[in-house]
There are 2 protein chains.
Amino acid sequence: MLTDIEIASQCRMRPIKEVAAQLGIDESEYEPYGHYKAKLTQPLFDRLRGRPDGKLVLVTAVNPTPAGEGKTTTTVGLGQAMQKLGENCVIALREPSLGPVFGVKGGAAGGGYAQVVPMEDINLHFTGDMHAITAANNLICACLDNHLQQGNQLGIDPRRVVFKRAMDMNDRALRQIVVGMGGPLSGIPRQDGFLISVASEIMAILCLADDLHDLKQRVGNILLGYTFGRQPVYVRDLHISGAVTALLKDAIKPNLVQTLEGTPAILHGGPFANIAHGCNSVRATRLALKLGDYCFTEAGFGSDLGAEKFLDIKCRQAGLAPSAIVVVATVRALKYNGGVKKDALQQEDLAALQRGLPNLVAHVQNMQQYGVPVVVALNHFYADTGAEIAAVGACLDELGVPWAVSDVFARGGDGGTDVCRLILEACRQPSHFSPIYSEQLPIEEKIAAIAQKIYGADGVDYSAAAQKQIAQIAALGYGKTPVCIAKTQYSLSDDPAKLGRPTGFRLQVKEVRLSAGAGFVVALAGDIMTMPGLPKVPAAESIDIDDEGNITGLF
Amino acid sequence: MLTDIEIASQCRMRPIKEVAAQLGIDESEYEPYGHYKAKLTQPLFDRLRGRPDGKLVLVTAVNPTPAGEGKTTTTVGLGQAMQKLGENCVIALREPSLGPVFGVKGGAAGGGYAQVVPMEDINLHFTGDMHAITAANNLICACLDNHLQQGNQLGIDPRRVVFKRAMDMNDRALRQIVVGMGGPLSGIPRQDGFLISVASEIMAILCLADDLHDLKQRVGNILLGYTFGRQPVYVRDLHISGAVTALLKDAIKPNLVQTLEGTPAILHGGPFANIAHGCNSVRATRLALKLGDYCFTEAGFGSDLGAEKFLDIKCRQAGLAPSAIVVVATVRALKYNGGVKKDALQQEDLAALQRGLPNLVAHVQNMQQYGVPVVVALNHFYADTGAEIAAVGACLDELGVPWAVSDVFARGGDGGTDVCRLILEACRQPSHFSPIYSEQLPIEEKIAAIAQKIYGADGVDYSAAAQKQIAQIAALGYGKTPVCIAKTQYSLSDDPAKLGRPTGFRLQVKEVRLSAGAGFVVALAGDIMTMPGLPKVPAAESIDIDDEGNITGLF
């Protein structure tokens, strides 16, 4: 089979103006970025305001293997399949980060015959949103350190700065740094660090903001740190909310591209699914719902991370309600959850698969708790055996959950029509979406609700620091916001070694942080990497460009 | 008078496709970025290859005041004036950096009625070139630190890394930092620092590269540091030249915009004029020469910095030859050179002006040394008196140099026609351009040639370190490249306090660095700031954006 970039480069893309025209978008309602990308502008939002929404379908997954389970690929492929079925479907996805592109993962624009294109643009700078977010983040930091240098009128304690610099790169050497060295003209020395930009609160804010007005308010609300008198300092105290928002004036516009089969796709924003809420922007989803009869969207990692946050944070804040949820499962991931090492996942192992199936059951039941019809897409890998697929099917049949094999990586939209027929059926059923917890509860009770209802924990333990932080956040008036739990993606629990459907554990919350601009509280359970490192042989060593500008080695 | 952004926002821009069509550029030869910006692509270069070049006119200046002398404004306004005279002129300029925009200087897209537009886009992210350069720079750094972390097979000495990280921001706290703190999983601790992106060698390389092939070669040649055995390590040794170049695949395409009066302008690249060579890309200039009968371009700071490098580095490497040179002078700058403090420049002071005039004479004579006809544009400021203007004119008349007042800030193109008539006359004269030194000379002799012929120094003194570095660079085989001298912009000498036309001094070279990718040797005379700081009240505090996306406070 061809590589992803070979397949993508063989695609004859339609000019983006044709894709826009198909959706009824006028030339005055978008800005082209080259011939195959466009930014969708405010006049489009304004015109569509009164139009009824299409149906929202969330694609999530079981707990993944380190290689990922093809959730983006499945989402793209199912969108293509809807088009094959004659339905008007718009896909809403996150934008890739450069860090993983040059690190391990390669591209993040789908795979095989289910990709969004132009894939090399999407995987590199795309329309510049990630860079705008990085710049906005770092303008705040430069102004903060300048404030310290220029007399520190606000009395900010340099040891209590909580807002970090950002870079869209996997660069472990920047995780913990000392800035301001070099004497009196070069700043106040203090400990600092860089986040990868997708872990920045600016990214979370951009993805949750209703519009420019809301964006500027949220930017102003970002907590920077505390004064020597332990009072909070926010971005608005530096008088730069306007300048930071000006840097985001184009980044707030969702990006229109297409799949290999010409299905419209809106890619916008890309927050991490652990430290942040892990799904594309509210604005992109809203637009896709106005433009399509169906909007297919995805949330990061397994349903315990991305989907929970999509439902409890994004849908709650934005007033969205999904009509159906697709849980992507793979034989590989279920065997991994059954204890098979990642190098041995190619071999049939029905016993391990049986041990792993409770993980799938947990994810399905978790999603059903939200009152939304659930469908399972079994994403086909070439090494899957008929017996393995039958075993998964038997489990799901017993559970009474509709399922079908998705083979979109190898077959494009044609490989997804079986799943889509089930989705269409699910969308005809009533959906009674409601979040899993009330945001009015105390912070500890919200964390406990997620831990018990979604993770299957017996309860939650808090470190002394976390208890203090919770009290402080409540005292600042942020006790009634949703909770964003940062934990490993490899387990329903907070321990990556606990596979399958773990029981008999308590969630260990070590630290609680306030993302006041994003409007949620982050509870950290375990060591969460907010700045990844590169592997021994980074993907960067395989990427090349020839004299004509053709890129190889992206996958 | 209105502010710059008010004037710019009142401009009815022509769609960029009209500007392109006026230049005979086909739709297949550019990529639109919104409706008012476009990137010019390789097919355009290919088609125009055989077309004869227009005439190249360089705009430079006397030594500036800290507020700048309106060189960009003059270049833009003169381009507009050429259009008023019915000439086909294309302007080639540098792209602004975000650092100054949020710091002191405000925008860098001209001023008053001589601006390039859309000014807020140009001053913010524009088409993303600056961010691509930053990302390319930092990919190198991440891979370098990853190499150290993953066993350091090349034996790189972490104390002898010379390539720094980059950010497009004024952020003094990043000048000197310690990276890799936090224990064995978070890198090797070492001293590092950030440059502002415009001071990065990647920027210099992008601006000197002929094409993608040349760009990749140059990227591979960047010197990263030395091994424990004192052997040089280059980017190519990390096997990432292709990945770094892939990040620059769009940044290498020049950007087409327009002036307030619709004159085509190509903005591309923006290297510092001290540590780097201070002018827009070779590709932009070449394209402007193919598309216009005249290309007006500018080089940073005074002629001792930007123009010398334009002529001795860029024109030499790219095989360009200017037909005329415009020296921009202001009454303000000449009074400043005559010893007037910057707060008192508004008052008439003929005695100070007389003391400052030798500075103008020096710049004119310096440029005449290159064998190119010289014209002086006296850029008018509202506080200039008739007596002051007459005094400058008398001096120039005595020198036999054609001059005229330029009033493009207040009057747009109409304010520049007098100067343009002189330029047209100059372009009809023979030009016998040749660089001021032979690149075959030893490094010390090249530095001495610039110091004596341009700065008026009696000679050059080298620190012990600089002598050692020169020997090392020659031993590495880079002794026959041009020299890029980094020194203060406020004096012809290396001492910002020596105003006017200083004599009786020797240039003090403290350090010599190799920019092997750019293809020049940097000699540092004085403390050169490669990462500026923000002022006590940064411009960021004045910048705002309203709910409709209108930006205020850019100037």
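The rules we used
- Residues numbered from 1 in each chain as written.
- Chains lettered and ligands numbered in written order.
- Predicted model: local features only at pLDDT ≥ 70, side-chain atom pairs only at ≥ 80, totals over all residues.
- Heavy atoms only, no water.
- UniProt positions renumbered as here; feature names shortened; annotations may be inferred.
- Contact = heavy atoms within 4.5 Å.
- Buried area = accessible area lost by both parts, 1.4 Å probe.
- Salt bridge = Lys/Arg side-chain N within 4 Å of Asp/Glu carboxyl O.
- Polar contact = N/O pair within 3.5 Å; in protein donor to acceptor, adjacent residues only side chain to side chain.
- Helix = DSSP H or I, 4+ residues; strand = E, 2+ residues; numbered from the N terminus.
- Domains from an automatic or database assignment.
- Phe/Tyr/Trp six-rings, centres within 6.5 Å; stacked < 30°, edge-to-face > 60°.
- Buried < 20%, exposed > 50% of the residue type's maximum accessible area, 1.4 Å probe, protein only.
- Lys NZ or Arg CZ within 6 Å of the ring centre and 35° of its normal.
- Pairing = 2+ DSSP bridges.
- Axes fitted to C-alpha atoms, helices over the stretch in contact; angles between N-to-C directions.

Looking at an unreviewed UniProt entry, one finds chain A named Formate--tetrahydrofolate ligase, with Neobittarella massiliensis as its source organism. Per UniProt, the comment on chain A under Sequence similarities (unreviewed entry) is "Belongs to the formate--tetrahydrofolate ligase family."

What about the interface of chain A and chain B?
Listed per partner, the contact involves 71 residues of chain A and 71 residues of chain B. Each partner contributes to the roughly 6,000 Å² buried at the junction of chain A and chain B, and carbon and sulfur atoms together form 62% of this total. Together, Arg172, Lys249 and Ile545 of chain A form the three largest contributors to the area buried by chain A at its contact with chain B, with a combined 9%. For the interface between chain A and chain B, the tally reads six salt bridges. In this structure, the salt-bridge partner of Lys216 of chain B is Asp544 of chain A, at a minimum N-O distance of 2.9 Å. At the boundary of chain A and chain B, one finds 35 residue pairs in polar contact (both at pLDDT 80 or more). The element best represented in the side of chain A that touches chain B is helix α7 (residues 129–149) of chain A, accounting for ten residues.

A few points about the domain arrangement of chain A
Residue and element names in this part refer to chain A. Parsing chain A into structural domains produces domain 1 (4–128 + 251–427), domain 2 (129–246) and domain 3 (443–525). Across the boundary between the two partners, domain 2 contributes eleven residues, which contact ten residues of domain 3. Here domain 2 and domain 3 share an interface that buries about 800 Å² over both sides, 56% of which is from carbon and sulfur atoms. The interface formed by domain 2 and domain 3 holds zero salt bridges in total.

With respect to the packing of aromatic side chains
What the rule picks out here adds up to four aromatic pairs over all chains. Here the aromatic rings of Tyr33 of chain A and Tyr33 of chain B are separated by 5.3 Å at their centres, their planes lie at 50 degrees, and the arrangement is tilted. Taken as a pair, Tyr33 of chain A in the loop between β1 (30–32) and β2 (38–40) and Tyr33 of chain B in the loop between β1 (30–32) and β2 (38–40) lie in two separate chains rather than in one. Residues Tyr33 of chain A and Tyr33 of chain B agree in their burial class; the two are buried. For the ring pair Phe194 of chain A and Phe194 of chain B, a centre distance of 5.6 Å and an interplane angle of 10 degrees mean the geometry is stacked. Here Phe194 of chain A is found in strand β11 (residues 194–196), whereas its partner Phe194 of chain B is found in strand β11 (residues 194–196) on a different chain. For Phe194 of chain B, a relative accessible area of 1% corresponds to the buried category. Residue placement shows Arg283 of chain B over the ring face of Phe45 of chain B; its charged tip is 4.1 Å from the ring centre. Taking NZ or CZ as reference, Arg332 of chain B lies 4.8 Å from the ring centre of Phe381 of chain B, over its face.

Things to note about the pattern of salt bridges
Two side chains with opposite charge may pair up if their charged atoms get near one another. Taken as a whole, this structure holds 64 salt bridges over all chains when the rule is applied. Note that Lys498 of chain A and Asp495 of chain A form a salt bridge whose closest N and O atoms lie 3.4 Å from each other. Classification of Lys498 of chain A as partly exposed rests on a relative accessible area of 31%. Given a relative accessible area of 26%, Asp495 of chain A falls into the partly exposed group. With a closest N to O distance of 4.0 Å, Arg316 of chain B and Asp312 of chain B form a salt bridge. Taken together, the residues Arg316 of chain B and Asp312 of chain B, both in helix α12 (residues 303–318) and four residues apart, mark about one turn of the helix. Across this residue pair, the class does not change: Arg316 of chain B and Asp312 of chain B are buried. When salt bridges that share partners are traced, they join Glu31, Lys249, Asp250 and Lys253 of chain A together with Lys37 and Asp121 of chain B into one network.

Points about the sheet that holds strand β23 (residues 511–515) of chain B
All names here are of chain B. Reading across from one edge, β21-β24-β23 is the order of the three strands in this open sheet, with mixed pairing throughout. Looking at the sheet topology across the chains shown, the edges are occupied by β21 (483–486) and β23. Averaged over all neighbouring strand pairs, the angle between strand axes comes to 25 degrees, with direction disregarded. By the bridge criterion, five bridges tie β23 to strand β24 (residues 520–524) in an arrangement that is antiparallel. Bridge pairing links Ser515 to Phe520 in β24.

Concerning the UniProt feature "binding site: ATP" (unreviewed entry) in chain A
All names here are of chain A. Per the UniProt record, "binding site: ATP" (unreviewed entry) is annotated on Thr65, Pro66, Ala67, Gly68, Glu69, Gly70, Lys71 and Thr72. One can find Ala67 in the loop between β3 (55–61) and α4 (71–84). Of note, Thr72 is situated in helix α4. The contact partners of Thr72, leaving out residues within four places of it in the chain, are Leu93, Ala108, Ala109, Gly110 and Glu298.

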